Amino acid sequence: MYKFAHISDIHLGPLPQLTLRELFSKRITGFVNWHRNRRKHLFVNTLDLILSDLKARQPDQLMITGDLVNLATKIETRLAGEWLRTIGDPQDTTVVPGNHDAYVPGAHDKSVNEWYPFIKSDDDPAEWPEDDHIFPTIRRRGPIAIIGCSTSNATLPFSASGYFGSRQARETVNLLKQAGEEGLFRVVMIHHPPIHGAAASHKRMLGIRRFGAAISTGGAELVLHGHTHLNTLYWLKGREKQVPVVGIASASQGPGGHKPRAAYNLFTLTGEPGNWSLLRERYGLTETGDGVALDDSRVFYGAMPDQKLSVPEMARLL
Ligand SMILES: [Fe+2]
Ligand SMILES: [Fe+2]
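Residues numbered from 1 in each chain as written. Chains lettered and ligands numbered in written order. Predicted model: local features only at pLDDT ≥ 70, side-chain atom pairs only at ≥ 80, totals over all residues. Heavy atoms only, no water.

Asks: Can you lay out the overall build of the protein chain for me, pointing to particular residues and giving the numbers?
Replies: Across its full length, the protein chain holds 8 helices and 15 strands. A buried classification covers 56% of the 318 residues belonging to the protein chain. At a minimum sequence separation of 6, the contacts of the protein chain that also span at least 24 residues come to 65%. For the protein chain, the accessible surface area stands at approximately 14,000 Å², while carbon and sulfur atoms represent 51% of it. (Helix = DSSP H or I, 4+ residues; strand = E, 2+ residues; numbered from the N terminus. Buried < 20%, exposed > 50% of the residue type's maximum accessible area, 1.4 Å probe, protein only. Contact = heavy atoms within 4.5 Å. Areas by Shrake-Rupley, 256 points an atom, 1.4 Å probe, with all protein chains shown as cover.)

Now the structure itself:
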């Protein structure tokens, strides 16, 4: 049995004071927006509750699908790096960046550099060689292969789109094929939802079709994403069967906002290649905002695929 958890869109706050020079860039729009909308609803306390509940369930691996910060200032990326180190060993946490982690030109590289131990492939060097082509990454952990893709690039003001290019698509296919031949359960991490219509057009990912083709050519068992701050399930065509594409609310979202309250996905993998069973449980912040409880569960690839299960039914399956 192997357990892995999924959180996203941390948007670590509070927002540090910005220098005037930093305010002169695109960040001014983000700064104003953040003060208007986000400060009211994103709480560090919520993130702490989510993380302590998650840790109590002792997942073998934690996957974070981007947007760790808000405006990607130097101090924010550094604080996010410190926060990552408080969670645990880089071996046990995997990160892909989001659009907020590359808010302005140059920020992507600073984020990657700061969080590199949590991003890098198993056989990448210990220090980041400042190579743009770090993605896709691959990490092998027990029965799973974690394939990290990046859609993160600096965008125009008010835009939050992502990009998945042809080089990355080609290399993703190769990694997926390789991991498939090794009999590993392939989990692909990507910040933007790789699904048409899942995000508003100014927030969408460019290269959705390319990503879909990579999954159907290379094969995968699961795709995890963030960005929309919504708990969603979509499907992509795989090599042999449909691949679940799972989104999750922001791990910092307090109660009373427009978006669903903070949540995390906990996956329990059992079985073997060709006969996997994957249980997905989603735990979310309670309405009062002071606790975390199970709010959804379902089994993929099991004897009862695609069905909602009650807690006792789940217990029987485990
Ligand atoms: Fe986000
Ligand atoms: Fe995002």
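Asks: Which residues make up the side chain of H11, and what values do they have?
Replies: Inspection of the secondary structure puts H11 in the loop between strand 1 (2-7) and helix 1 (20-23). What makes H11 buried here is its relative accessible area of 3%.

Asks: Give a description of the layout of surface pockets that names residues and reports values.
Replies: Considered as a void within the structure, the second largest pocket measures approximately 410 Å³ in volume. Forming the walls of the second largest pocket are 19 residues, and the residues nearest its centre are R186, E221, E240, G274 and W276. Breaking the lining of the second largest pocket down by element, the ones donating at least two residues are helix 6 (166-181) and strand 13 (275-285). For the lining of the second largest pocket, the element with the highest residue contribution is helix 6, accounting for 3 residues. Looking at the lining of the second largest pocket residue by residue, the class counts come to 5 nonpolar, 7 polar and 7 charged. (1 Å grid on protein atoms, 1.4 Å probe; cavity = no way out; pocket = protein on both sides within 12 Å on 5 of 7 lines; lining within 4 Å. Points joined across faces, edges and corners; volume = space filled by probe spheres on them. Nonpolar A, V, L, I, M, F, W, Y, C, P; charged D, E, K, R; others polar.)

Asks: Just give me the short version of the coordination of the iron ion (ligand 1), but keep the residues and values in it.
Replies: Protein coordination at the iron ion (ligand 1): the donors are D9 (OD), H11 (NE2), D67 (OD) and H229 (NE2), at 2.1 to 2.3 Å from the metal. Around the iron ion (ligand 1), the 4 donor atoms sit at angles spanning 87 to 174 degrees, and that spread fits a shape best called irregular. Here the donor residues of the iron ion (ligand 1) are spaced in sequence according to D-x1-H-x55-D-x161-H. Distance-wise, the iron ion (ligand 2) is placed 3.5 Å from the iron ion (ligand 1), both being coordinated by D67. Of this pair, D67 sits in the loop between strand 2 (61-64) and helix 4 (74-87) while H229 sits in the loop between strand 9 (222-225) and strand 10 (232-236); the two residues are 162 residues apart in sequence, bridging distant segments of the chain. A residue is classified by how much of its surface remains accessible, and H229, at 10% relative accessible area, is buried. (Donors = N, O, S within 2.8 Å, 3.2 Å for Na, K, Ca; no water. Tetrahedral: all angles 85-135°; square planar, octahedral: opposite > 155°, others 65-115°.)

Asks: Describe in detail the side chain of E221, supporting the description with residues and values.
Replies: In this structure, E221 sits in the loop between helix 7 (208-218) and strand 9. Engagement of the side chain of E221 in a polar contact is seen with the backbone nitrogen of R186, the distance being 2.8 Å. Residue contacts for E221: discarding those within four places in its chain leaves L184, F185, R186, V243, P244, W276 and Y301. (Polar contact = N/O pair within 3.5 Å; in protein donor to acceptor, adjacent residues only side chain to side chain.)

Asks: Kindly report on the sheet that holds strand 5 (residues 144-148), identifying the contributing residues and their values.
Replies: In space, the 6 strands of this open sheet follow the order 4-5-7-9-11-10, with mixed pairing throughout. One side of each edge strand has no neighbouring strand; the edge strands of this open sheet are strand 4 (137-141) and strand 10. Strand-to-strand, the axes of this sheet are offset by a mean angle of 20 degrees, without reference to chain direction. Across 5 bridges, strand 5 lies against strand 7 (residues 185-189) in parallel orientation. Paired with I144 across the bridge in strand 7 is F185. (Pairing = 2+ DSSP bridges. Axes fitted to C-alpha atoms, helices over the stretch in contact; angles between N-to-C directions.)

Asks: So, the coordination of the iron ion (ligand 2): which residues are in play, and what are the values?
Replies: Around the iron ion (ligand 2), the protein supplies D67 (OD), N99 (OD1), H191 (NE2) and H227 (ND1) as donor atoms, at distances of 2.1 to 2.3 Å. Given 4 donor atoms and angles of 87 to 160 degrees at the metal, the environment of the iron ion (ligand 2) is assigned as irregular.

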